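Here is how the chains run, residue by residue.
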Amino acid sequence: MEKMNKPLTKNIRPDRAFATLADYESTGGYQGLRKAITGLQPKDVQQWVKDAGLRGRGGSGFNAGLKWSLVPMDANVPQTRYLIANADEMEPGTFKDRMLMEQDPHQLIEGMIIAAYAIQANTAYIFLRGEYHLARRRLAYALLEARSKGYLGEQVLNSAFSMEIVLHTSAGRYICGEETALLNALEGKRATPRAKPPFPLVTGLWGKPTIVNNVETLCNVPHILHYGVEWYQGLGRGVDKGTKLFGASGRVKYPGLWELPMGIPIREVIEKYAGGMRDGYKLRGFLPGGASTDFLLPEHLDVVLDYEAVAKAGSRLGTGTIIVLDDQTCPVQMVLNLEQFFAQESCGWCTPCRDGLPWTVTLLKDILAGKGRIEDLDTLAGLTRMLAPGNTFCALAPGAMEPLQSALKYFRDDFERYIVGSHAIMEPA
Amino acid sequence: MKKQVFEGLSPAEIKEINAETSHYEDKAAVSIEALKIVQKYRRWVSDDCLIAVAELLDISPTQLEAVATFYNLIYRQPVGKTVIHYCNSVTCWMLGSDQIQERLCRHLNVGLGEMSTDGEYTILPIVCLGACDHAPVAMVGDELRLDLTENAVNEIFGR
């Protein structure tokens, strides 16, 4: 029964080979779908996932079943609905969805079929990152396998429900991961975000109700249906339910990815699973869930990986993949690298982001080149407020400000060290 | 270099692009796939190709150009047979992607985005390739290369 504690990775093998349909079925694969489609109404499936407490694994943390339950499904509304798997993994430091798709593609496919059944969508898209070539080949193969066994296509498992999954490969832009920008990308347009409301679940792809779920979120769904709500709730160690893929990268001994219970302390991930810091390096801080999350410090190691607990510590769970800052990497240079990424990937649609991010990069470059003034730090702090939530169309710029604002708070000395004479200015004459 | 005469999209390209249209509510939605199909055969998207694809999809060339210039993996100028995308995002940067880029560029004697004189390679930066536990990494053509070291030139081009 050991494997039951790790539903998401039970088919993941050390040799990086992938689970074929036969492999997948041999460990209980497609049983969740069978149960849903032969025994449960769509509303029941929504309720199961809602009760299980599965929250969005792409960083939002929104209850997935609740999201599905908000899709208009009365008889008197248009009956075309879409489901989209957001497989546009591009958050720097994040490498979880790639593994799920490359090594157990049927898990995602089954999750998508169940989700589509729950909202009665007959067409679903996998919006896959263009760079994920191996995932594309393996998903395409798995889709053929699923079709040949009647899990996909006309009358799924001889039921009245029919559905198709289309594999769409993107052409690379971080903003495509934002759900409304993703819709524009899928419609063949520039991936600029849309104003909300209306929310995609009411007015989405081609104006139809559309649910966008992260790959890892969907991968949880088959197991909730197969093993039940109570079992799923029992997997978490803290407040949040289920397991999650947590990772660590940077100068740790064993960078990697592990399926662990929600609510596990950050210390356990970094010290036990990642083996602590490489010899000769000390832990200076870390981004707990990708590039767009606030820095935390060694004093936060005992914070547990639950959505609210990480938020209370001043950051976000995000994607759950920890980027480790060591004592020999300059935090100012690291922040510059992050802001260059965000400035480059800004879609340019709204002014605070389009102008504010390059301005941030310019200021950081000047500071690092010894041309900074102490007032620049106030300007940077001002930008973190100007590019805050509510001032921009989407979460890209506010996300970009998270590592910056926390770096200014925790690593201010490092910034000041580059500013010539700043210490002298602050000292009494 | 002699300018090649554009003789329109090939039957294979047109067939593949048309096949994609069945997956979407309208033809314009195929824009990105269509550009990628053209690129598969020609490595990059010339003005002539862009206009021909726009005509095929019943959209204006300007509309398609807006799309073509938005996405990182659509090339609007010639690239080498194999494009090497080295990751320059945070973990790879921390573990030496700048030095890897320098070594690769020096080896081929090219700047970023340029084609090597033999037409074989172009080097471009790319955002996080989602393999941070094996940083630094690069994508050579379609293939991911993990755990690059200071011998990245050998690791990528062989001995």
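The rules behind each value
- Residues numbered from 1 in each chain as written.
- Chains lettered and ligands numbered in written order.
- Predicted model: local features only at pLDDT ≥ 70, side-chain atom pairs only at ≥ 80, totals over all residues.
- Heavy atoms only, no water.
- Helix = DSSP H or I, 4+ residues; strand = E, 2+ residues; numbered from the N terminus.
- Rg over C-alpha atoms; globule rule 2.2 N^0.38 Å.
- Buried < 20%, exposed > 50% of the residue type's maximum accessible area, 1.4 Å probe, protein only.
- Contact = heavy atoms within 4.5 Å.
- Areas by Shrake-Rupley, 256 points an atom, 1.4 Å probe, with all protein chains shown as cover.
- Lys, Arg positive; Asp, Glu negative; His and termini not counted.
- Charge placed at Lys NZ, Arg CZ, Asp CG, Glu CD.
- Salt bridge = Lys/Arg side-chain N within 4 Å of Asp/Glu carboxyl O.
- Core = buried A, V, L, I, M, F, W, Y, C linked by side-chain atoms within 4.5 Å.
- Domains from an automatic or database assignment.
- Buried area = accessible area lost by both parts, 1.4 Å probe.
- Polar contact = N/O pair within 3.5 Å; in protein donor to acceptor, adjacent residues only side chain to side chain.
- Nonpolar A, V, L, I, M, F, W, Y, C, P; charged D, E, K, R; others polar.
- Phe/Tyr/Trp six-rings, centres within 6.5 Å; stacked < 30°, edge-to-face > 60°.
- Lys NZ or Arg CZ within 6 Å of the ring centre and 35° of its normal.
- Axes fitted to C-alpha atoms, helices over the stretch in contact; angles between N-to-C directions.
- Parallel < 35°, antiparallel > 145°, perpendicular 65-115°, else oblique.
- Left-handed = near helix turned anticlockwise from the far one by under 90°.
- Pairing = 2+ DSSP bridges.
- Right-handed = clockwise from strand over helix to strand, strands pointing away.

Assigned secondary structure in chain A consists of 18 helices and eight strands. Since a compact globule built from 429 residues should have a radius of gyration of about 22 Å, the 22 Å found for chain A is in line with a globular shape. Structurally, chain A occupies a C-alpha span of about 85 × 45 × 35 Å along its principal axes. Here chain A holds 429 residues, and the buried ones make up 64% of them. At a minimum sequence separation of 6, the contacts of chain A that also span at least 24 residues come to 71%. About 15700 Å² of surface is accessible on chain A, with carbon and sulfur atoms providing 53% of the total. Across chain A, the 47 positively charged side chains and the 47 negatively charged ones have centroids separated by 3 Å.

Residue and element names in this part refer to chain A. Tallying each qualifying case throughout the model produces 38 salt bridges over all chains. A salt bridge links Arg194 to Glu187; the shortest N-O distance between them is 2.9 Å. The exposure classification of Arg194 matches that of Glu187, with both residues buried. Of the charged contacts, one joins Glu271 and Arg267 as a salt bridge, the two residues approaching to 3.0 Å between their closest N and O atoms. Of the two residues, Glu271 and Arg267 are both situated in helix 11 (residues 266-273); the distance of four residues between them amounts to about one turn of the helix. Three or more residues joined by partner-sharing salt bridges are found here, namely Lys96, Asp97, Glu216 and Lys244.

Moving on, we get to the nonpolar core. Of all hydrophobic cores here, the largest spans 101 residues; its most connected members are Ile84, Tyr125, Met334, Phe342 and Leu380 of chain A together with Tyr71 of chain B. Those residues in contact with Tyr125 of chain A that lie beyond four places of it in its chain are Tyr82, Leu83, Ile84, Ala85, Met112, Val166, Leu186, Leu205 and Trp206 of chain A together with His23 and Tyr24 of chain B. Among the nonpolar cores identified, the runner-up in size contains 68 residues, and Ala52, Trp68, Ile119 and Ile224 of chain A belong to it.

Split into domains, chain B comes out as domain 1 (11-70) and domain 2 (82-156). The gap between the C-alpha centroids of domain 1 of chain B and domain 2 of chain B is 29 Å.

Here we come to the interface of chain B and chain A. If you look at the interface, chain B gives 39 residues, while chain A gives 55 residues. Buried area between chain B and chain A, both sides added, is near 3700 Å², and the carbon and sulfur share of it is 57%. Together, Glu25, Phe70 and Met94 of chain B form the three largest contributors to the area buried by chain B at its contact with chain A, with a combined 19%. For the pair chain B and chain A, the number of links is two salt bridges. Here Arg136 of chain A makes a salt bridge to Asp142 of chain B, at a shortest N to O gap of 3.9 Å. Taken together, the connections running from chain B to chain A amount to 25 residue pairs in polar contact (both at pLDDT 80 or more). Only helix 2 (31-42), helix 4 (61-68) and helix 5 (90-94) of chain B provide two or more residues apiece to the side of chain B that touches chain A. When its residues are assigned to classes, the side of chain B that touches chain A shows 23 nonpolar, ten polar and six charged.

The omega torsion of the bond from Lys196 of chain A to Pro197 of chain A falls at -5°, within 30 degrees of zero and hence cis. Relative to the elements of secondary structure, Pro197 of chain A occurs in the loop between helix 8 (179-186) and strand 4 (210-214). Positive phi, close to 70°, is recorded for Tyr30 of chain A, a residue that is not glycine. Structurally, Tyr30 of chain A can be placed in the loop between helix 1 (21-26) and helix 2 (31-39). For Tyr30 of chain A, a relative accessible area of 0% puts it in the buried group. In the Ramachandran plot, Asn109 of chain B falls in the positive-phi region, its phi being about 55° despite a non-glycine side chain. On the secondary structure map, Asn109 of chain B appears in the loop between helix 6 (97-108) and strand 2 (121-126). On the accessibility criterion, Asn109 of chain B (69% relative accessible area) is exposed.

Moving on to the packing of aromatic side chains. Here the structure, examined in full by the defined rule, presents 20 aromatic pairs over all chains. Both rings, one in Tyr227 of chain A and one in Trp231 of chain A, keep their centres 4.8 Å apart while their planes meet at 50°; by these two values the pair is tilted. Residue classification places Tyr227 of chain A among the partly exposed positions, given a relative accessible area of 26%. Trp231 of chain A gets classed as buried once you look at its relative accessible area, which sits at 17%. Through successive ring pairs, a cluster of aromatic residues spans Tyr82, Tyr125 and Trp206 of chain A together with Tyr24 of chain B. Just above the ring of Phe70 of chain B sits the side chain of Arg173 of chain A; from NZ or CZ to the centre is 4.3 Å. Its end group placed over the ring of Phe246 of chain A, Lys244 of chain A keeps NZ or CZ at 5.6 Å from the ring centre.

Residue and element names in this part refer to chain A. At their nearest, the axes of helix 6 (residues 105-119) and helix 7 (residues 133-148) sit 9 Å apart, and the two run at 55° to each other. As the angle between them shows, helix 6 and helix 7 are arranged oblique. Viewed along their axes, helix 6 and helix 7 form a crossing whose handedness is right-handed. Residues Pro105, His106, Leu108 and Ile109 of helix 6 form the contact with helix 7, whose participating residues are Arg138, Leu139, Ala142, Leu143, Glu145 and Ala146.

All names here are of chain A. Sheet topology note: the strand 2 (residues 123-128)/strand 3 (residues 164-169) ladder contains six bridges and is parallel. Across the sheet, residue Leu128 finds its bridge partner in strand 3, namely Thr169. Crossover connection from strand 2 via helix 7 to parallel strand 3: handedness right-handed.

Another point: the sheet that holds strand 4 of chain A. Hydrogen bonds along the backbone pair up the strands of a sheet, which may run parallel or antiparallel. Residue and element names in this part refer to chain A. The four strands are arranged 3-2-1-4 in an open sheet whose pairing can be described as parallel. Of all the strands in the sheet, just strand 3 and strand 4 have a single pairing partner and so form its edges. Ignoring strand direction, the axes of neighbouring strands in this sheet form an average angle of 20°. Pairing analysis gives six bridges linking strand 1 (residues 82-87) to strand 2, with the strands arranged parallel. Along strand 2, the bridge assignment pairs Asn86 with Phe127. On top of the sheet, helix 6 reaches strand 1, strand 2, strand 3 and strand 4; it is set at about 150° to strand 1, its chief contact. Against the sheet, helix 9 (residues 215-227) makes contact with strand 1 and strand 4, and its axis sits at roughly 90° relative to strand 4, the strand it touches most.

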